[in-house]
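Okay, here's what each chain looks like letter by letter:
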Amino acid sequence: MEKFTTHTGRAVPLRRSNVDTDQIIPAHWLKKVTRSGFEDGLFEAWRKDESFVLNQPERKGATVLVAGPEFGTGSSREHAVWALQNYGFQAVISSRFADIFRGNSLKNGLLTVVLPQETVERLWALTEADPTAEITVDLEAREVRAEGVTAPFELDDNVRWRLLNGLDDISITLQNEGDIAAFEAKRPSYKPRTQPVA
Amino acid sequence: MGRTLAEKVWDDHVVRRAEGEPDLLYIDLHLLHEVTSPQAFDGLRLAGRPVRRTDLTIATEDHNTPTLDIDKPIADPVSRVQLETLRKNAEEFGVRIHSLGDVEQGVVHVVGPQLGLTQPGMTVVCGDSHTSTHGAFGALAFGIGTSQVEHVLATQTLPLAPFKTMAITVEGELPEGVTAKDLILAVIAKIGTGGGQGYVLEYRGSAIRSLSMEARMTICNMSIEAGARAGMIAPDRTTFDYLQGRPHAPQGEDWDAAVAYWETLATDEDAVFDAEVFIDAAELTPFVTWGTNPGQGAPLGANVPDPADFADPQERIAAENALKYMGLEAGTPLREVKVDAVFVGSCTNGRIEDLRAAAAILDGRRIAEGVRMLVVPGSVRVALQAVEEGLDKVFTAAGAEWRHAGCSMCLGMNPDQLAPGERCASTSNRNFEGRQGKGGRTHLVSPQVAAATALVGRLAAPADLTDNVAVEV
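Cut-offs used in this document
- Residues numbered from 1 in each chain as written.
- Chains lettered and ligands numbered in written order.
- Predicted model: local features only at pLDDT ≥ 70, side-chain atom pairs only at ≥ 80, totals over all residues.
- Heavy atoms only, no water.
- Helix = DSSP H or I, 4+ residues; strand = E, 2+ residues; numbered from the N terminus.
- Contact = heavy atoms within 4.5 Å.
- Areas by Shrake-Rupley, 256 points an atom, 1.4 Å probe, with all protein chains shown as cover.
- Pairing = 2+ DSSP bridges.
- Axes fitted to C-alpha atoms, helices over the stretch in contact; angles between N-to-C directions.
- Phe/Tyr/Trp six-rings, centres within 6.5 Å; stacked < 30°, edge-to-face > 60°.
- Buried < 20%, exposed > 50% of the residue type's maximum accessible area, 1.4 Å probe, protein only.
- Lys NZ or Arg CZ within 6 Å of the ring centre and 35° of its normal.
- Core = buried A, V, L, I, M, F, W, Y, C linked by side-chain atoms within 4.5 Å.
- Domains from an automatic or database assignment.
- UniProt positions renumbered as here; feature names shortened; annotations may be inferred.
- Parallel < 35°, antiparallel > 145°, perpendicular 65-115°, else oblique.
- Left-handed = near helix turned anticlockwise from the far one by under 90°.
- Nonpolar A, V, L, I, M, F, W, Y, C, P; charged D, E, K, R; others polar.
- Buried area = accessible area lost by both parts, 1.4 Å probe.
- Salt bridge = Lys/Arg side-chain N within 4 Å of Asp/Glu carboxyl O.
- Polar contact = N/O pair within 3.5 Å; in protein donor to acceptor, adjacent residues only side chain to side chain.

### As for the overall build of chain A
When helices and strands are counted, chain A shows 8 helices and 7 strands. Expressed along its principal axes, the backbone C-alpha trace of chain A runs to roughly 65 × 40 × 25 Å. If you take every contact in chain A between residues at least 6 apart in sequence, the share linking residues at least 24 apart comes to 67%. Counting only carbon and sulfur atoms, one obtains 48% of the accessible surface of chain A, whose full area is about 8200 Å².

### Topic: the sheet that holds strand β8 (residues 157-160) of chain B
Taken in spatial order, the 3 strands line up as β1-β2-β8 (chain B) in an open sheet, and their pairing is antiparallel. Either end of the sheet is taken by a strand with one partner, and the two such strands are β1 (14-16) and β8 of chain B. Going from strand to strand, the sheet's axes swing by 40 degrees on average, the running direction of each strand aside. Along the sheet face, helix α8 (residues 177-185) of chain A touches β1, β2 (23-26) and β8 of chain B and points at about 150 degrees away from the line of β1(B).

### Points about the packing of aromatic side chains
Inspection of every chain in the model, using the stated rule, returns 17 aromatic pairs over all chains. With a centroid separation of 5.3 Å and 75 degrees between ring planes, the pair formed by A:Phe71 and A:Phe101 is classed as edge-to-face. Taken together, the residues A:Phe71 in the loop between β2 (64-67) and α3 (79-87) and A:Phe101 in helix α4 (residues 99-107) connect sequence positions 30 residues apart. Taken as a pair, A:Phe71 and A:Phe101 share a single burial class, namely buried. Put simply, the rings of A:Phe43, A:Trp46 and A:Phe52 pair up and form one aromatic cluster. Of note, B:Arg246 hangs over the ring of B:Tyr242, and the distance from its end group to the ring centre comes to 3.8 Å.

### Examining the nonpolar core
Counting residues in hydrophobic clusters, the biggest one holds 82 residues, and the most contacted among them are A:Phe43, A:Phe71 and A:Leu84. Of the residues that make up this core, three or more belong to each of domain 1 (5-275) and domain 2 (310-469) of chain B. When sequence neighbours within four positions are dropped, the list of residues in contact with A:Phe43 reads A:Leu14, A:Val19, A:Gln23, A:Ile24, A:Phe52, A:Leu54, A:Leu65, A:Phe71 and A:Leu84. Counting 81 residues, the second largest nonpolar core, distinct from the first, contains B:Val14, B:Val125, B:Ile208 and B:Met222.

### Some words on the UniProt feature "binding site: [4Fe-4S] cluster" (unreviewed entry) in chain B
Residue and element names in this part refer to chain B. Mapped onto the present numbering, the UniProt feature "binding site: [4Fe-4S] cluster" (unreviewed entry) falls on Cys347, Cys407 and Cys410. Spanning 64 residues, the annotated positions come together in the fold, the maximum distance between their C-alpha atoms being 8.8 Å. Structurally, the position occupied by cysteine 347 is in helix α12 (residues 346-349). Not counting the four nearest positions on each side in its chain, cysteine 347 is found in contact with Val107, His109, Val110, His130, Asn221 and Asn429. Mapped onto the secondary structure, cysteine 407 falls in the loop between β17 (401-402) and β18 (423-426).

### Description of the environment of B:Val259
Residue and element names in this part refer to chain B. With respect to the helices, strands and loops of the structure, valine 259 is situated in helix α10 (residues 252-262). What makes valine 259 buried here is its relative accessible area of 9%. On a C-alpha basis, the gap between valine 259 and proline 73 in space is 45 Å, while along the polypeptide they are 186 residues apart.

### Concerning the pairing of strand β5 (residues 134-138) of chain A
Residues and elements named next belong to chain A. With 4 of 5 residues buried, β5 lies mostly within the body of the structure. One ladder, built from 5 bridges, connects strand β1 (residues 6-14) with β5; its direction is antiparallel. From the neighbouring strand, glycine 9 faces β5, where its bridge partner is isoleucine 135. Alignment of β5 against strand β6 (residues 143-146), held across 3 bridges, turns out to be antiparallel.

### Quick word on the packing of helix α13 (residues 352-362) of chain B against helix α15 (residues 391-398) of chain B
Residue and element names in this part refer to chain B. Across the interface, α13 lies against α15 with an axial gap of 9 Å and an inter-helix angle of 45 degrees. With respect to α15, the axis of α13 lies oblique. Here α13 and α15 pass one another in a crossing that is left-handed. Contacts from Ile352, Leu355, Arg356, Ala358, Ala359 and Leu362 of α13 reach α15 at Leu391, Val394, Phe395 and Ala398. Considering only residue class, the contact of α13 with α15 consists of 9 nonpolar, no polar and 1 charged.

### Re the interface of chain A and chain B
Counting residues at the interface gives 63 residues for chain A and 79 residues for chain B. Buried surface at the junction of chain A and chain B, both sides included, amounts to about 5800 Å², of which 52% is carbon and sulfur. It is A:Lys31, A:Tyr190 and A:Thr194 that lose the most area in chain A upon contact with chain B, and together they represent 14% of the buried surface on that side. For the pair chain A and chain B, the number of links is 12 salt bridges. For the interface between chain A and chain B, the tally reads 40 residue pairs in polar contact (both at pLDDT 80 or more).

### Observations regarding the domain arrangement of chain B
Interface extent is often summarised as the accessible area lost during association of the parts. All names here are of chain B. Considered domain by domain, chain B is made up of domain 1 (5-275) and domain 2 (310-469). Placing the centre of domain 1 and that of domain 2 at their C-alpha centroids yields a distance of 25 Å. Taken together, the contact pairs 36 residues of domain 1 with 35 residues of domain 2. Among the residues of domain 1 in contact with domain 2, Thr67, Lys181 and Glu214 are the three that bury the most area, contributing 23% of the side total. Summed over the shared surface of domain 1 and domain 2, the number is 2 salt bridges. Linking arginine 430 and glutamate 225 is a salt bridge whose minimum nitrogen-to-oxygen distance equals 2.5 Å. At the surface where domain 1 touches domain 2, the tally comes to 21 residue pairs in polar contact (both at pLDDT 80 or more).

Next up, the structure:
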């Protein structure tokens with residue numbers, strides 16, 4: 001995973017709630033067996049509408065998505081995170097994220113930042129009025145900054161530490177191999193195994 | 001202080017607990033399918049890691065599989081590659097797989113329970129959000145992303161953030177014609193698509209206790225549609241009776257030891273939930289969705305709502321967008337909404353009881369002119385059982401299409417899709433824009449409402465059926 005410390009970039013204001021994972025990346029894209037090449041599938045249906053915010057020329061190269069509540073609701077597809085990253089987004093700001101999407105994003109170094117809806121509204125107003133306005137997402141300071149906005153955000157210390165250092169979860173867990181083996185040794189015999197039964 | 005069901009299962013799986021770290025939880029059962037696993041296996045290969053516990057892992061093919069001509073090569077080359085990738089990975093890493101054509105193949109959340117692999121008190125994960133289905137057994141079961149799939153393959157554990165608990169207590173008796181699907185749609189409409197966020201839901205109360213295992217699975221299945229981490233129901237005699245004799249259920253002394261443990265899992269009398277919701281079963285009626293998220297639902301007897309009536313600005317905008325997408329006018333009675341297609345199937349409502357319920361309504365009748373109806377069993381076993389009971393003949397005699405097992409039109413990854421603008425009454429779980437095919441419009445319904453709707457050609461409940469739609473076959 002790439003390290004995330006701080007990022008500054010232009011924004012895409014997405015005034016929609018309940019942006020579900022089927023909108024972020026439609027199911028027919030999920031047939032790919034790689035983690036890359038999903039950028040053209042991002043918001044595929046909405047992008048067919050020329051007026052959709054992502055299609056506006058001044059949003060080209062924007063890296064911070066500012067969305068409505070319940071962003072990422074729906075399926076567990078990590079492809080939604082990959083699609084956002086493949087397209088170029090480094091951070092997503094919303095007042096509420098769906099749990100699985102949030103977990104997936106933080107495991108891939110896409111920083112999902114929870115801010116109060118009123119702050120999201122101010123960021124929308126700012127970036128709609130001025131497409132060149134930049135937003136800074138500072139993980140070290142746990143703060144989002146933009147013109148006229150300084151907003152602290154919360155993120156679990158352990159998650160933050162992993163992101164700041166770009167640490168791989170599996171290697172960390174395998175340092176506790178002894179604990180896992182000890183737990184396995186206590187497994188009751190009534191618990192099922194998947195091997196075919198005769 | 002007492003503990004809830006979810007807390008007991010969690011506590012029994014903590015491998016490591018340390019200050020400032022998430023708990024490391026052991027995973028008892030890992031289910032795999034073709035869509036969310038290829039990148040995880042790639043990760044293992046890159047790092048030179050094996051699958052730690054192939055004996056706690058099982059794979060099936062479901063999302064991409066065609067429901068017609070399953071004996072021929074899969075027409076879509078991209079789908080074919082994805083299925084072949086799963087088969088190749090399963091062979092290379094030694095994972096048990098049930099491929100298309102195998103008698104145990106089917107939707108992953110139908111297969112686990114029917115094999116008896118899903119049992120009370122277990123932790124169950126799968127790279128699929130509807131893993132919450134397995135919570136019906138009193139298992140802590142939740143969907144995970146591909147990074148976590150790789151983590152479980154490599155370590156059989158997951159570091160997990162703590163959860164909160166919410167009791168959803170449903171007392172009383174469900175009225176005639178009101179099903180588990182109507183109940184869960186009503187719950188989601190009540191608490192919202194984000195209402196369960198961060199919570200493990202526990203469904204309790206006399207209405208829940210009286211439900212069959214399959215109905216309980218329908219309820220737990222859609223917990224994720226309320227944004228919940230998981231949904232659970234305490235195991236009881238209904239659970240034990242369902243499990244006993246299944247291929248992977250414990251036997252002999254193991255059975256007795258297992259039941260003794262399972263009986264300890266119910267939430268203690270003095271346990272406290274972080275949040276509580278109460279629902280009176282007697283007040284429920286058949287429920288349908290009118291919008292593009294599962295929280296946008298209403299009783300079938302209601303009208304399409306007016307966005308102006310929503311106080312919350314976000315909800316108002318969402319309702320405006322939804323009506324535009326769905327091609328609906330505010331104030332239209334839902335019973336007047338015409339459909340082009342009906343889908344019966346999915347991990348929500350693709351089990352034998354669902355097919356029986358739909359068949360009972362279709363029996364001796366013909367579906368409306370111009371309506372296409374697809375019936376897709378959740379697994380090969382469900383299909384075989386249905387054929388044994390003659391349900392397939394009821395469906396085809398009524399004019400419906402009887403298909404092979406898979407996820408099918410729930411998400412349209414295979415050829416079973418709606419055309420742009422087509423409207424479908426569907427027993428599946430998501431009414432998102434384009435979910436069942438680009439431009440397709442979905443109304444979530446129970447199997448009973450699906451069948452009645454197919455007969456009438458408009459959204460309808462079985463109670464609406466009059467003799468003039470019944471045609472002797």
